[in-house]
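For reference, the chains in residue letters:
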Amino acid sequence: MKTILKIISLIGLILTLVPALLVFYGVIDKSTDFMLMTIGVVLWFASAPFWMKNPSLDS
Amino acid sequence: MSTTQHPPANASLVERLDALYEYDREPVAENKLHGWKTFIAMFSGEHVAGTEFVLGPLMVLHGVSAFDFFVGLLIGNTLAVLSWALLCAPVAVKVRLTIYWQLRKICGPYLTVIYSAFYAVILCLLAGSMVSVAVTAISIPFDIPNPNYIAGDVIPTVPWMFLALVVGIVIAALAVLGFDKIAHFSKICAPWMVLVFFAAGIAVLADLGTNGFTDFSRVATEKIFTGIPIGNNSKYTIWHIIGFSWLCNATQHIGMADLTIFRYAKSWKQGFASAFGMFLGHYMAWIASGILCAAFLAEGLTNPQPGNIALFGAGAAGLISVVIAGWTTANPTLYRAGLAIQVATPNWKRWKVTFLAGVFMIITACIPAVNAYLDRIIGYYGLFFMPLGAFIFVDVWLFPKLGLISDYAEKAKLLISWPATLAWFGSLFIMIFFYGKDNYEWLSNWLGEQPSWLAAIQTDLMFLIAPEWFLSVLMYTGFSMIQQKSEASKIALS
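Here the structure is a predicted model, which means the values were calculated and not measured. (Residues numbered from 1 in each chain as written. Chains lettered and ligands numbered in written order. Predicted model: local features only at pLDDT ≥ 70, side-chain atom pairs only at ≥ 80, totals over all residues.)

### Observations concerning the overall build of chain B
The number of helices and strands found in chain B is 22 helices and 0 strands. Over its C-alpha atoms chain B spans a radius of gyration of 23 Å, differing by no more than 12% from the 23 Å that the globule rule assigns to 494 residues. Judged by the C-alpha coordinates and their principal axes, chain B covers about 75 × 55 × 45 Å. For chain B, the residues scored as buried account for 54% of the 494 residues in total. (Helix = DSSP H or I, 4+ residues; strand = E, 2+ residues; numbered from the N terminus. Rg over C-alpha atoms; globule rule 2.2 N^0.38 Å. Buried ≥ 20, exposed ≤ 12 C-beta atoms within 10 Å, placed from the backbone.)

So this is what it looks like as structure tokens:
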């Protein structure tokens with residue numbers, strides 16, 4: 001389960017970064033970039049809190 | 001997270017402050033130490049914050065050139081990392097105490113109370129700045145214009161202030177509940193937020209006419225970091241950038257506030273983990289937000305507020321990142337402010353104190369000048385707190401070599417250390433004088449025509465922090481020699 005969540009998080013991060021590179025090279029327009037980045041936000045926050053540890057100093 | 005103990009109602013100010021920090025009075029135990037991962041996560045999370053959306057654009061508005069910006073940030077951030085690794089972390093792993101207890105041993109309880117009170121004020125200001133950053137994004141879907149300080153907006157519109165009030169109340173309510181979960185949430189946001197900054201910067205480069213990465217230096221020089229200030233802003237040089245990037249966290253590294261964090265480090269070398277915060281947050285994110293600001297202005301748009309430029313570069317994801325960046329950093333800041341204020345109140349409950357700090361935070365958030373002059377505020381803040389870090393450094397390392405007694409105030413049972421008081425306020429006022437003689441009208445008028453040697457010294461706030469370190473060290477060491485010589489018998493008795 002943790003592995004699946006990590007893969008979803010990774011897809012979220014890829015959708016945050018890669019569309020911007022595609023805009024830079026003129027492959028997609030900014031509105032598509034914004035939409036893909038929004039999907040990236042949803043994927044990241046739907047998965048990362050369930051596998052990322054809390055590196056608190058008091059723990 | 002602290003578990004606050006409640007002293008009796010008639011307890012003195014010092015007793016209340018001690019009770020507040022009682023839980024971490026002892027040095028950190030061996031089994032509580034942390035490795036590199038914790039510090040890397042912590043620095044990466046804390047230094048990619050809402051204020052990064054303010055500081056990058058400020059540099060663009062101050063007309064910094066591309067070379068000055070990139071090289072200045074590289075040098076300044078390297079100096080900041082070295083300050084953490086070579087000054088702060090070695091002291092922290094040697095004493096393994098919080099800044100509060102270390103200061104108390106050296107300066108006595110009275111100065112520690114003053115430190116806490118001023119620290120609370122500055123934390124409220126910073127939390128207000130972060131709320132303001134978050135509101136610049138939340139206001140956009142409601143079609144509420146963000147205040148434009150450059151255009152003369154001294155206060156925001158009533159609907160904007162209402163939003164700040166709502167956001168402030170939510171943040172204060174969450175701070176009352178504690179910030180552990182929010183601190184964890186901010187760490188979860190860190191990797192994503194770093195990429196949002198980076199992606200937004202890259203996406204808008206095309207708008208600036210870049211043909212590829214090889215073309216970047218031309219566009220950076222001609223269109224982003226042009227070297228020409230915008231509006232009435234002063235011109236920033238490479239020295240401003242080095243000074244600002246090195247010293248914007250002066251209170252934390254050379255000011256030693258991060259003793260509280262690094263006392264948990266296994267080795268002083270973990271001070272180098274700060275490089276992750278500096279080079280992701282204060283290098284990459286400042287460059288990205290600077291690019292965003294330049295592209296925003298190049299489109300003919302005005303008022304490059306964090307929310308506006310993030311929407312321009314990353315759409316809804318950008319807006320969400322600004323809200324989260326502002327919120328997750330405002331929350332622990334307000335919590336710490338509440339903790340510091342608690343000492344000065346007559347045993348008020350935590351929620352009351354945090355809401356009091358929250359009121360101050362909301363007022364600050366409604367003053368656009370705070371973000372417009374954030375670099376100045378950070379400069380004053382560094383100048384004010386830095387000497388105390390210098391005292392800790394010399395007290396731990398230099399005093400034993402000079403044959404002086406470390407932790408003198410504690411050993412001599414002094415309520416206040418006069419060498420620390422004189423050296424702190426003496427070095428501060430001397431530095432403020434050198435800045436103020438050309439920048440405060442009343443002081444310039446009072447001085448009249450300055451002697452040539454004085455007139456030749458023209459300096460900025462940021463350039464004064466390093467000289468202040470040396471001056472405060474000299475003053476504190478000299479005064480301590482006088483004190484310990486004259487009171488030698490007292491110590492011998494004790």
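### Some remarks on the overall build of chain A
Each helix and strand counted, chain A has 2 helices and 0 strands in total. Across the 59 residues in chain A, those meeting the buried criterion constitute 31%. Relative to all contacts within chain A whose residues are 6 or more apart in sequence, the contacts with residues 24 or more apart total 65%. (Contact = placed C-beta atoms within 7 Å.)

### Thoughts on the nonpolar core
With 183 residues, the main nonpolar core has B:Ala127, B:Val131, B:Ala134, B:Ala200, B:Leu292, B:Leu334 and B:Phe391 as its most contacted residues. Among the elements that take part in this core, helix 13 (residues 306-342) of chain B stands out by supplying 20 residues, more than any other. (Core = buried A, V, L, I, M, F, W, Y, C linked by C-beta atoms within 7 Å.)

### Overview of the interface of chain A and chain B
Every contact between the two is made by 24 residues of chain A and, on the other side, 29 residues of chain B. Looking at the side of chain A that touches chain B element by element, the count peaks at 8 residues for helix 2 (residues 30-47) of chain A. Of the residues that constitute the side of chain A that touches chain B, the class distribution is 15 nonpolar, 6 polar and 3 charged. (Nonpolar A, V, L, I, M, F, W, Y, C, P; charged D, E, K, R; others polar.)

### Regarding helix 21 (residues 461-486) of chain B
Residue and element names in this part refer to chain B. The terminal C-alpha atoms of helix 21 lie 36 Å apart, and with 26 residues this matches the ideal 38 Å at 1.5 Å per residue to within 8%. Considering bend angle alone, the principal kink of helix 21 is centred on Pro-467 and spans about 30°. For helix 21, every residue scored as buried is listed here: Leu-461, Met-462, Phe-463, Leu-464, Ile-465, Glu-468, Trp-469, Ser-472, Met-475, Tyr-476, Ser-480 and Gln-483. Of the surrounding secondary structure, the elements contacted by the buried residues of helix 21 are helix 10 (238-247), helix 16 (374-402), helix 17 (408-411) and helix 18 (418-439). (Expected span 1.5 Å × (residues − 1). Bend = angle between axes of the 7 residues up to and from the residue.)

### Concerning the environment of A:Leu36
Residues and elements named next belong to chain A. Within the secondary structure layout, Leu-36 lies in helix 2. Distance from Leu-36 to Thr-16, taken between C-alpha atoms, is 7.1 Å for residues 20 residues apart in sequence. With near-sequence residues (within four places) excluded, Leu-36 lies in contact with Leu-15 and Pro-19.

### Description of the packing of helix 1 (residues 2-24) of chain A against helix 2 of chain A
Two quantities define a packed helix pair, namely the angle between the helix axes and the distance between the axes. Residue and element names in this part refer to chain A. As a packed pair, helix 1 and helix 2 sit with axes 8 Å apart at the nearest point and diverge in direction by 160°. The pairing of helix 1 with helix 2 is recorded here as roughly antiparallel in orientation. In the packing of helix 1 onto helix 2, the handedness of the crossing is left-handed. Between helix 1 and helix 2, the residues in contact are Leu-5, Ile-8, Ser-9, Ile-11, Gly-12, Leu-13, Leu-15, Thr-16, Pro-19, Ala-20 and Val-23 and Lys-30, Thr-32, Asp-33, Leu-36, Met-37, Ile-39, Gly-40, Leu-43, Trp-44, Ala-46 and Ser-47, respectively. Class assignment of the residues belonging to the contact of helix 1 with helix 2 gives a composition of 14 nonpolar, 6 polar and 2 charged. (Axes fitted to C-alpha atoms, helices over the stretch in contact; angles between N-to-C directions. Parallel < 35°, antiparallel > 145°, perpendicular 65-115°, else oblique. Left-handed = near helix turned anticlockwise from the far one by under 90°.)

### Notes on the packing of helix 7 (residues 158-176) of chain B against helix 14 (residues 350-365) of chain B
Residues and elements named next belong to chain B. Where helix 7 meets helix 14, the axes come as close as 9 Å, and the angle between the chain directions of the two elements is 150°. Relative to helix 14, the element helix 7 is oriented roughly antiparallel. The element helix 7 and its partner helix 14 pack so that their crossing is right-handed. Across the interface between the two elements, Ala-164, Leu-165, Gly-168, Ile-171, Ala-172, Ala-175 and Val-176 from helix 7 touch Arg-350, Trp-351, Thr-354, Phe-355, Gly-358, Met-361, Ile-362 and Ala-365 from helix 14. Along the lines of polarity and charge, the residues of the contact of helix 7 with helix 14 split into 11 nonpolar, 3 polar and 1 charged.

### A few points about unusual backbone geometry
All names here are of chain B. One non-glycine residue, Met-256, lies in positive phi territory at about 70°. You can see Met-256 is positioned in the loop between helix 10 and helix 11 (259-262). A positive phi angle, near 55°, is found at Lys-413, a position not held by glycine.

### Considering the confidence of the model for chain B
Interpreting fine coordinate detail is not advised for predicted regions of low pLDDT. Residues at a pLDDT of 70 or more form 92% of chain B, whose mean pLDDT is 86. Between the elements of chain B, mean pLDDT differs from a low of 56, seen in helix 22 (residues 488-493) of chain B, to a high of 95, seen in helix 4 (residues 66-95) of chain B. (pLDDT = per-residue confidence, 0-100.)

### Digging into helix 18 of chain B
Residue and element names in this part refer to chain B. An ideal rise of 1.5 Å per residue puts 32 Å on 22 residues; helix 18 measures up with 30 Å between its terminal C-alpha atoms. Of all bends in helix 18, the biggest is about 25°, found at Phe-433. Burial in helix 18 covers these residues: Pro-419, Ala-420, Ala-423, Trp-424, Ser-427, Leu-428, Met-431 and Tyr-435. The inward-facing, buried residues of helix 18 contact helix 5 (99-107), helix 6 (109-138), helix 16 and helix 21.

### Overview of the environment of B:Phe391
Residues and elements named next belong to chain B. Topologically, Phe-391 is positioned in helix 16. Considering only alpha carbons, one finds Phe-391 and Ala-423, 32 residues apart in sequence, at a separation of 8.9 Å. Setting aside chain neighbours within four positions, we find Phe-391 in contact with Ile-106, Cys-107, Ala-420, Ala-423 and Tyr-476.

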